[in-house]
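# Examining the three-dimensional arrangement
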Amino acid sequence: QVQLRESGGGLVQAGDSLTLSCQLDAPSLTHYIMGWFRQAPGKGREFVSAIKWFNGVTDYEDSVKGRFTISRDKSKNMVHLQMNDLKPEDTAAYFCGTGVRLDGTSREKTSYDYWGVGTQVTVTS
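In this report, we go over the structure that sits alongside the text.

The rules behind each value
Residues numbered from 1 in each chain as written. Predicted model: local features only at pLDDT ≥ 70, side-chain atom pairs only at ≥ 80, totals over all residues. Heavy atoms only, no water. Salt bridge = Lys/Arg side-chain N within 4 Å of Asp/Glu carboxyl O. Helix = DSSP H or I, 4+ residues; strand = E, 2+ residues; numbered from the N terminus. Buried < 20%, exposed > 50% of the residue type's maximum accessible area, 1.4 Å probe, protein only. Contact = heavy atoms within 4.5 Å. Disulfide = S-S within 2.5 Å.

### Some thoughts on the pattern of salt bridges
Taken as a whole and assessed by the stated rule, the structure comprises five salt bridges. Note that aspartate 59 and arginine 107 form a salt bridge whose closest N and O atoms lie 2.7 Å from each other. Here the residue aspartate 59 occupies a position in strand β6 (residues 58–60), and arginine 107 occupies one in the loop between β9 (92–99) and β10 (114–115), the gap between them amounting to 48 residues. Where aspartate 113 meets arginine 101, a salt bridge forms, and the shortest distance between an N and an O atom there is 3.7 Å. Of this pair, aspartate 113 sits in the loop between β9 and β10 while arginine 101 sits in the loop between β9 and β10, and the two are twelve residues apart along the sequence. Looking at aspartate 113, the relative accessible area reads 32%, which means it is partly exposed.

### Points about the side chain of serine 111
Here serine 111 is to be found in the loop between β9 and β10. Once residues within four sequence positions are removed from consideration, serine 111 is found in contact with Ile33, Gly99, Arg101, Gly104 and Thr105.

### Brief notes about the state of the cysteines
With the rule as written, the count across this model stands at one disulfide. One disulfide in the model links cysteine 22 with cysteine 96; its S-S distance is 2.1 Å. Residues cysteine 22 and cysteine 96 are joined by a disulfide whose S-S torsion is about -85 degrees; by sign, that bridge is left-handed. Of this pair, cysteine 22 sits in strand β3 (residues 18–25) while cysteine 96 sits in strand β9, placing them 74 residues apart in sequence. Cysteine 96 shares its class with cysteine 22; the two are buried.

### Details of unusual backbone geometry
For asparagine 77, which is not glycine, the phi dihedral falls at a positive 55 degrees. Along the chain, asparagine 77 turns up in the loop between β7 (68–73) and β8 (78–83). Phi angles above zero are rare outside glycine, and aspartate 85 is one such case at about 50 degrees. Relative to the helices and strands, aspartate 85 resides in the loop between β8 and β9.

This is how it looks when you write it as structure tokens:
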């Protein structure tokens, strides 16, 4: 039984900030990556950011680099996404995922084995 629960989404104006959080409840699960993907209506799920669980190495999609910061709290089994200077283009449902394979690629959604149900971020102009 693996559960991921996202929180922190909301309705904000351009330039505002939000922090998304993801709680992973996974007894006995060894996970190597955790990441955030987003999906706008009518579009596919796209990579936003990811972090290697054990060494903390991060990766960001170009459009969010410098604005978003991903972090993890290993003691709490949580990952966070601090989003600054939000833009209307950031509007999407944001999903937290985790991958259990050592050879997974952080930018590929197929590398993630479990997903939360998502949290909505809406940015108005």
